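# Coordinate analysis (summary)
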Amino acid sequence: MSRVEVNGVELFYEAGGDGDPLVLVHGSWGDHETWTPVVRALALRFRVLIYDRRGHSQSERPPGPGSRFEDEEDLAALMETLGFAPAYVVGNSFGASTVLGLASRRPELFRGIIAHDPPLMGLVTDAPDLLPSAAEAGRAMESVLEHLRADRPLDAARQFVEEVVLEPGAWDHLPERVRDTFVANAPTVLDEQSDPAWADLDLDGLSHYTGPALLSKGTQSPPWFAAITDRLAKALPQAETHTFEGAGHIPHLSHPEAYVQRLIAFVDGNRDTA
């Protein structure tokens, strides 16, 4: 068990493997263990860093509302403190938003970006075909937040999984450890949602990043994620896009072998430009 203090907060982390540095950034509700299905295979090819974002699981949970900017600064400090900069940095969901937000300000920290389904809804507010599904998701998310405000974390986590990012019945198919983690980390979601900038990104700043990038989505993800990926691809014309067939919002849990293979292929195909 390893800990390091960055930006006044103690973060839990694990590092292992040998090769190019690779940092994995988990999404909302989760922690470093959501990467368990892929981390051993990745450590055969990379020097891998996983950690719990502030407020999550074994990392310190500071009082008061937080912001994605703080997560971005934590990621930068962690990479620099532990000797992982520059690195290939992988993010899922809110972790992908964190990775992209940091890349828009600190591109020198990255050998490459790998981002799946960042919930940057602010980028697609002008897409009329998404309005019905986005409105439905917004109503479900407000109900999730009501559960959280009323201290019903299990109800909140289940509704988020089944009505916002995955599908009805998906909660019971998640590993028990993942479900327990989602419930334990539920309070962090109120912090994320209270940040007025949580769904936005500086696309002009991101366009200054000229290194390799892989933007992925799943065929079973809600439709707005594909629209967000398309908008990001326009800001990063050098980016590759990939669709995981049969996968949804968390492909490293549902399709770990395909996820590892695509990530390694991306890195190996771009080593000369990283």
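Just so you know, these numbers come straight off a predicted model, no measurement behind them.

This part takes up the overall build of the protein. Summing up its helical and strand segments, the protein has eleven helices and eight strands in all. On C-alpha atoms alone, the protein measures out to a radius of gyration of 17 Å, which is about the 19 Å that the 2.2 N^0.38 rule sets for 274 residues. Looking at the protein as a whole, 53% of its 274 residues qualify as buried. A sequence separation of at least 24 residues applies to 75% of the contacts in the protein between residues at least 6 apart. When the accessible surface of the protein is totalled, it reaches about 11600 Å², and 50% of it is carbon and sulfur. Where the 22 positive side-chain charges of the protein centre and where its 42 negative ones centre are 2 Å apart.

Under the counting rule described, the total for this entry stands at two cavities of 30 Å³ or more. Of the volumes computed, that of the largest cavity is approximately 130 Å³. Forming the walls of the largest cavity are 17 residues, and the residues nearest its centre are G27, S28, N92, F182 and I250. For the lining of the largest cavity, the element with the most residues is helix α5 (residues 153-165), which contributes three residues. In the lining of the largest cavity, the residues fall into seven nonpolar, nine polar and one charged. If you add up the space inside the second largest cavity, you get close to 30 Å³. Looking at the second largest cavity, the residues that line it are I114, L214, S216, F244, Y259, R262 and L263. Put simply, the parts of the chain that give the lining of the second largest cavity at least two residues each are β7 (213-218) and α11 (256-269). Considering every element that reaches the lining of the second largest cavity, the biggest residue donor is α11, with three residues. Looking at side-chain class alone, the lining of the second largest cavity contains five nonpolar, one polar and one charged residues.

We now examine the environment of P256. Counting through the fold element by element, P256 comes out in helix α11. Residues P256 and H116 lie 140 residues apart in sequence; the distance between their C-alpha atoms is 13 Å. Those residues in contact with P256, other than ones at most four positions away along the chain, are P37, V38 and P251.

Further remarks concern the packing of aromatic side chains. In total, this model carries seven aromatic pairs according to the counting rule given. Note on W29 and F182: the rings are 6.3 Å apart at their centroids and 35° apart in plane angle, and the pair reads as tilted. Of this pair, W29 sits in the loop between β3 (20-25) and α1 (36-43) while F182 sits in helix α6 (residues 176-184), and the two are 153 residues apart along the sequence. We classify W29 as buried; its relative accessible area is 0%. Linked through ring pairs, W29, F160, W171 and F182 together constitute an aromatic cluster. In this structure, R45 packs its charged tip against the face of F46, placed 4.6 Å from the ring centre. A cation sits over an aromatic face here: R47 above F84, 4.1 Å from the ring centre.

Conventions and cut-offs
- Residues numbered from 1 in each chain as written.
- Predicted model: local features only at pLDDT ≥ 70, side-chain atom pairs only at ≥ 80, totals over all residues.
- Heavy atoms only, no water.
- Helix = DSSP H or I, 4+ residues; strand = E, 2+ residues; numbered from the N terminus.
- Rg over C-alpha atoms; globule rule 2.2 N^0.38 Å.
- Buried < 20%, exposed > 50% of the residue type's maximum accessible area, 1.4 Å probe, protein only.
- Contact = heavy atoms within 4.5 Å.
- Areas by Shrake-Rupley, 256 points an atom, 1.4 Å probe, with all protein chains shown as cover.
- Lys, Arg positive; Asp, Glu negative; His and termini not counted.
- Charge placed at Lys NZ, Arg CZ, Asp CG, Glu CD.
- 1 Å grid on protein atoms, 1.4 Å probe; cavity = no way out; pocket = protein on both sides within 12 Å on 5 of 7 lines; lining within 4 Å.
- Points joined across faces, edges and corners; volume = space filled by probe spheres on them.
- Nonpolar A, V, L, I, M, F, W, Y, C, P; charged D, E, K, R; others polar.
- Phe/Tyr/Trp six-rings, centres within 6.5 Å; stacked < 30°, edge-to-face > 60°.
- Lys NZ or Arg CZ within 6 Å of the ring centre and 35° of its normal.

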